[in-house]
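Descriptive structure summary
Here is what each chain is made of, one letter per residue.
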Protein chains: 2
Amino acid sequence: MSTSHTFSGNPLDRGDRERRDDEWIARRSGDAASRFLPMRDLNVPVSEADGAGLVWLSGEERERLELTAQPLFLGLLNGTAHFVVDVSKADGAARELDQDGRFRYVDARSATELLDAASCGIVAQARAQVDWHARNGFCPQCGSTTTMARGGQTRHCPGCGAIHYPRTDPVVITAVHSGDWCLLGQSRGRGTGSNRYSALAGFVDQGESIEEAVAREIMEESGIAVKNVRYHSSQPWPFPSSLMIGCLAEAATTEISADDEEMSDVRWFHRDVVVSALDGGSNELTLPAPLAIAHHIIRAWALPHSQD
Amino acid sequence: MSTSHTFSGNPLDRGDRERRDDEWIARRSGDAASRFLPMRDLNVPVSEADGAGLVWLSGEERERLELTAQPLFLGLLNGTAHFVVDVSKADGAARELDQDGRFRYVDARSATELLDAASCGIVAQARAQVDWHARNGFCPQCGSTTTMARGGQTRHCPGCGAIHYPRTDPVVITAVHSGDWCLLGQSRGRGTGSNRYSALAGFVDQGESIEEAVAREIMEESGIAVKNVRYHSSQPWPFPSSLMIGCLAEAATTEISADDEEMSDVRWFHRDVVVSALDGGSNELTLPAPLAIAHHIIRAWALPHSQD
């Protein structure tokens, strides 16, 4: 069974030792040999010439374009430093790099349909990191303006001295099953009235284990009690920065009492319907695409012996 | 094998539906029948009369003491609403509730030696939640002063409209093994020069899976490559608010190259030494106590058939 999902597979060495050295970061971010990924409004540049790929600027191009936004260090590949630079607030040519048609900016989700696994992994890191800096310019502890440090790995507060790290939010997502039946739900606002269903999910709260979060979320959303929670695999999900923790669990009860505020429907689906839906051949049920870990945990239950 | 660690086992129903209702929260926080856990400087009140237990104030006591700090809703138990109220900034009698010797304030770690599992679970939630509110009075997006909402489940920003949720930081901790040998390390500043070692650990970065975080952290701290990463169990760790994700992994290499800045030592320990240390009987090695998930993942490797 494969446990490597879309957005995993980032080949960059994050350079934990190197990025502690401010001089090293400054030198490499001014180096002509370094590579810079321009990101605009959280979209990434994809070229479709000669097979799709991410578009990186050289240090010279970055200088010529006067991209003054502080680059975030992503990591090293074969000794070359890779950065992402947010051009959302750049002027003229620097913001309109896509104007000559050499590439186009696409959102991270669409990019997964064009790029290889390694590039998708880089996109996940870059999107989460740029978004976090864009939304964390102030110190939550004292309100002062913070500054980026360690190549983007932290933000420092000159007011109270706090050091802030990017946040990653753990989310549990679970395929709950009872014999030949699987519990699937439809969130409000997401495909209400359609035949789109997915595994139930929610953020891990403070002070609970993964297994407790699974039991609480399933109970809250469906009224079903679970037992034997089993970890399956995990996936980085950069919208904006979740860690999806995929689990399987057995239902200990069967009567659904859905949370009407969060869910528009929760119901049991028979394995035959789920198997058809996994291959896209069911009128009754549409499941998430293989992009999402939901697809794989549902498949792991429905077709436990298949090579995923 | 038990997968329920200290700080798991919180019996409260977090009342996801109830806490969306501001009026319900207001009514219950003014209700004489509700219970309030006074927390001071992140320490919890423990009474040792008639067996150790957490000390809860009634709604009447809270009113009489003029505890005006906004209580945070923890959850429901048998229909009774439970809150935590931070008395760190209270005046006189309200801050010195322990003065009559009825109970004493102890830190969350020491409390685990006095309290039952259910109470420790409540302590984990209360400590993480109080600490988060204390350190998040300002909006990281715009710098405005934020206000608590939904009984403490969120903070709202009147400046930019952002809604902020408490943060939980996923941490991977891994027992890496190679035949009869286990890789353990000693962090700088923590017991340097002693015989105290533990499993290697680190925060999950943005854009990586649990399995990738394990491989990166082990490589960074020890220079060892790993394969076959396997999830074991998880533990809430309220210092200040981590989710410990315990794993086992096989070493793919054996030569250690430790990160001298973070680690004062990393080395291989033989299973016999580890087994003695787990029972507290080794002069060569001291391992974390059963309080910590580290103890249990190391035990799961060293004594895979023991009932933990």
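Residues numbered from 1 in each chain as written. Chains lettered and ligands numbered in written order. Predicted model: local features only at pLDDT ≥ 70, side-chain atom pairs only at ≥ 80, totals over all residues. Heavy atoms only, no water.

Bringing helix 7 (residues 271-278) of chain A into the picture now. Since the α-helix advances by 3.6 residues per turn, residues separated by three or four positions end up pointing in the same direction. Residue and element names in this part refer to chain A. Among the residues of helix 7, Val273, Val274, Ala277 and Leu278 are the ones counted as buried. Looking straight down helix 7, one finds its buried side chains confined to an arc of 135°; they lie on one side. Check the buried side of helix 7 and you find it contacts strand 12 (181-187), strand 16 (263-270) and helix 8 (293-302). Gly280 occupies a position one or two residues after helix 7 and carries a positive phi of about 75°. (Buried < 20%, exposed > 50% of the residue type's maximum accessible area, 1.4 Å probe, protein only. Helix = DSSP H or I, 4+ residues; strand = E, 2+ residues; numbered from the N terminus. Arc of directions from axis to C-beta. Contact = heavy atoms within 4.5 Å.)

Now for the relation of the copies chain B and chain A. Once chain B is rotated about the relating axis by 180° and shifted along it by 0.0 Å, it coincides with chain A to within an RMSD of 0.0 Å. Given the turn and translation reported, the copies of this chain are related as if by a two-fold rotation axis. The overlap is high: 100% of the interface residues of chain B also sit at the interface in chain A, so the same surface is used on both sides. (Least-squares fit on C-alpha atoms with pLDDT ≥ 70 in both.)

Counting residues at the interface gives 50 residues for chain B and 50 residues for chain A. Buried surface at the junction of chain B and chain A, both sides included, amounts to about 4,300 Å², of which 44% is carbon and sulfur. Scanning the region where chain B abuts chain A turns up 10 salt bridges. For Glu262 of chain A, the salt bridge is made with Arg20 of chain B, and the minimal N-O distance between the two is 3.4 Å. For the pair chain B and chain A, the interface holds 38 residue pairs in polar contact (both at pLDDT 80 or more). Those elements that place two or more of their residues in the side of chain B that touches chain A are helix 5 (117-134), helix 6 (210-222), strand 14 (226-237) and strand 15 (242-251) of chain B. The residue inventory of the side of chain B that touches chain A, partitioned by class, reads 18 nonpolar, 17 polar and 15 charged. (Buried area = accessible area lost by both parts, 1.4 Å probe. Salt bridge = Lys/Arg side-chain N within 4 Å of Asp/Glu carboxyl O. Polar contact = N/O pair within 3.5 Å; in protein donor to acceptor, adjacent residues only side chain to side chain. Nonpolar A, V, L, I, M, F, W, Y, C, P; charged D, E, K, R; others polar.)

Residue and element names in this part refer to chain B. Pairing within the open sheet is mixed, and its four strands lie in the order 4-1-6-5. Only two strands of the sheet have a single partner each, and these edge strands are strand 4 (57-58) and strand 5 (72-77). Bridge analysis of strand 5 against strand 6 (residues 80-86) gives five bridges, and the strand direction is antiparallel. By the bridge assignment, Leu72 is partnered in strand 6 with Val84. Those strands touched by helix 1 (residues 22-29) are strand 1 (35-39), strand 5 and strand 6, and its axis lies near 80° from that of strand 6. Against the sheet, helix 5 makes contact with strand 1, strand 5 and strand 6, and its axis sits at roughly 160° relative to strand 5, the strand it touches most. (Pairing = 2+ DSSP bridges. Axes fitted to C-alpha atoms, helices over the stretch in contact; angles between N-to-C directions.)

Here the focus is the environment of Leu115 of chain B. As for its position among the elements, Leu115 of chain B is in the loop between helix 4 (108-111) and helix 5. The contacts of Leu115 of chain B, once residues within four sequence positions are left out, are Val46, Ala52, Gly53, Leu54, Cys120 and Val123 of chain B.

What describes a pair of aromatic rings is the distance from one ring centre to the other and the angle between the planes of the rings. The tally for this structure, following the rule as stated, stands at 17 aromatic pairs over all chains. Their ring planes at 80° and their centres at 5.8 Å tell us that Phe7 of chain B and Trp237 of chain B sit as a pair that is edge-to-face. Linking Phe7 of chain B in the segment before helix 1 with Trp237 of chain B in strand 14, this pair joins segments that are 230 residues apart in sequence. By the burial criterion, Phe7 of chain B is buried, and Trp237 of chain B matches it. Here the aromatic residues Trp24, Phe36, Phe73 and Phe83 of chain A are joined through ring pairs into a cluster of three or more. Taking the ring centre of Phe239 of chain B as reference, the NZ or CZ of Arg109 of chain B above it sits at 5.7 Å. When the ring centre of Trp301 of chain B is taken as origin, the NZ or CZ atom of Arg271 of chain B, which lies over that ring, is 4.5 Å away. (Phe/Tyr/Trp six-rings, centres within 6.5 Å; stacked < 30°, edge-to-face > 60°. Lys NZ or Arg CZ within 6 Å of the ring centre and 35° of its normal.)

Residue and element names in this part refer to chain A. Summed over the entire model, instances satisfying the criterion amount to 44 salt bridges over all chains. Of the charged contacts in the structure, one is a salt bridge between Glu48 and Arg104, with a shortest N-O distance of 2.9 Å. In this pair, Glu48 sits in the loop between strand 2 (44-47) and strand 3 (53-54) while Arg104 sits in strand 7 (residues 104-106), placing the two residues 56 residues apart along the sequence. Given a relative accessible area of 41%, Arg104 falls into the partly exposed group.

Here the focus is the side chain of Ser234 of chain B. Here Ser234 of chain B is to be found in strand 14. Of the residues examined, Ser234 of chain B reaches a relative accessible area of 0% and is grouped as buried. Within the local environment of Ser234 of chain B, its side chain forms a polar contact with the backbone nitrogen of Ile210 of chain A, the two atoms lying 2.9 Å apart.

Once that is clear, we can look at helix 8 of chain A. Of all 10 residues in helix 8 of chain A, 10 are buried, a share of seventy percent or more. Buried residues along helix 8 of chain A sit in contact with strand 11 (169-178), strand 12, strand 14 (226-237), strand 15 (242-251) and helix 7 of chain A.

Next up on the list: the nonpolar core. Of all hydrophobic cores here, the largest spans 48 residues; its most connected members are Val44, Leu184, Val274 and Leu285 of chain A. By residue number, the principal contributor to this core is helix 8 of chain A, which donates seven residues. The contacts of Val274 of chain A, once residues within four sequence positions are left out, are Cys182, Leu184, Phe269, Leu285, Leu287, Ile298, Trp301 and Ala302 of chain A. In terms of nonpolar packing, the next biggest core, distinct from the first, is built from 47 residues, Leu37, Val106, Phe269 and Ala277 of chain B among them. (Core = buried A, V, L, I, M, F, W, Y, C linked by side-chain atoms within 4.5 Å.)

Before going further, it helps to spend a moment on the sheet that holds strand 10 (residues 163-164) of chain A. Within a beta sheet, neighbouring strands are joined by backbone hydrogen bonds and run either parallel or antiparallel to one another. Residues and elements named next belong to chain A. Overall, antiparallel pairing links the three strands, which are arranged 8-9-10 in an open sheet. The open sheet has two free edges, formed respectively by strand 8 (147-149) and strand 10, since each of these has just one partner strand. Relative to strand 10, strand 9 (residues 154-156) runs antiparallel, the two being bridged by two bridges. By the bridge assignment, Arg155 is partnered in strand 10 with His164.

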